[in-house]
Amino acid sequence: MRDKFAFITYRDHYIDPSNNLHGCGNDGKNNYAHLVNLLGYPPDNVRVLGDERATKFSILERLRWLVMHANAELAFMNSSHGSHVRLRTADGLSDYEDDVIIPYDLDPEWNNVITGQEIGAILAFLPSDSKITIFSDSCNSGDLTRFIHPPGHNVTFRYLPPPFDIACRSIVHNGRPK
């Protein structure tokens, strides 16, 4: 039987109080209880980051910690704001859209969101026979796998919309992003 390791993060509170949520802390507590009491995860193998401690740096650091246990059964659980934004490649030559989760320390320019691509780059270090379960209640970013819903599934979208100037990156003119 494999060892079990998990990382849980939640955010009810943000630097900008107008972004605060209600219930993510309860999600974190319930996820912890479920993993430990029902699924047998040892408490010492479960890391939890909440609210002001759930900065971009800390979340990605704990996700790397989780991946270090590649031979174990792994779980990553997130409860926070989510969104999707158009981002520019490092060379500045093209744009792409990505699903994101919002850390506590979201800056006004949205330069420090956590992208699905960043999470994928960390998870890419897992060997092909690794087992990881990901739960993300992050509003409009879904499970960070791009809005896959079964036919007839009733979906309620709630998310933190990007500021107007950042949202404009997604506007398409004559078939091309502006």
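Residues numbered from 1 in each chain as written. Predicted model: local features only at pLDDT ≥ 70, side-chain atom pairs only at ≥ 80, totals over all residues. Heavy atoms only, no water.

**Q** With reference to specific residues and values, describe the pairing of strand 3 (residues 73-79).
**A** Burial within strand 3 is extensive, with six of its seven residues counted as buried. Here strand 1 (residues 4-10) runs beside strand 3; their pairing, made up of seven bridges, is parallel. For Phe5, the partnering residue across the bridge sits in strand 3 and is Leu74. When strand 3 meets strand 7 (residues 131-137), the two strands line up parallel, connected through seven bridges. Paired with Met77 across the two strands is Phe135, which belongs to strand 7. (Buried < 20%, exposed > 50% of the residue type's maximum accessible area, 1.4 Å probe, protein only. Helix = DSSP H or I, 4+ residues; strand = E, 2+ residues; numbered from the N terminus. Pairing = 2+ DSSP bridges.)

**Q** Can you explain the environment of Met68? Please cite residues and give values.
**A** Relative to the assigned elements, Met68 resides in the loop between helix 2 (56-67) and strand 3. According to the relative accessible area criterion, Met68 is exposed, its value standing at 64%. A sequence separation of 57 residues divides Met68 from Phe125, and the C-alpha atoms of the two residues are 8.7 Å apart.

**Q** If you had to explain the environment of Ala72 to someone new, which residues and values would you point to?
**A** Mapping Ala72 onto the fold places it in the loop between helix 2 and strand 3. Residue Ala72 is classed as buried on the basis of its relative accessible area, which comes to 4%. Taking C-alpha positions, Ala72 is 6.7 Å from Phe5, a pair spaced 67 residues apart along the chain. Leaving out residues up to four positions away in the same chain, Ala72 has contacts with Arg2, Asp3, Lys4, Phe5 and Lys131. (Contact = heavy atoms within 4.5 Å.)

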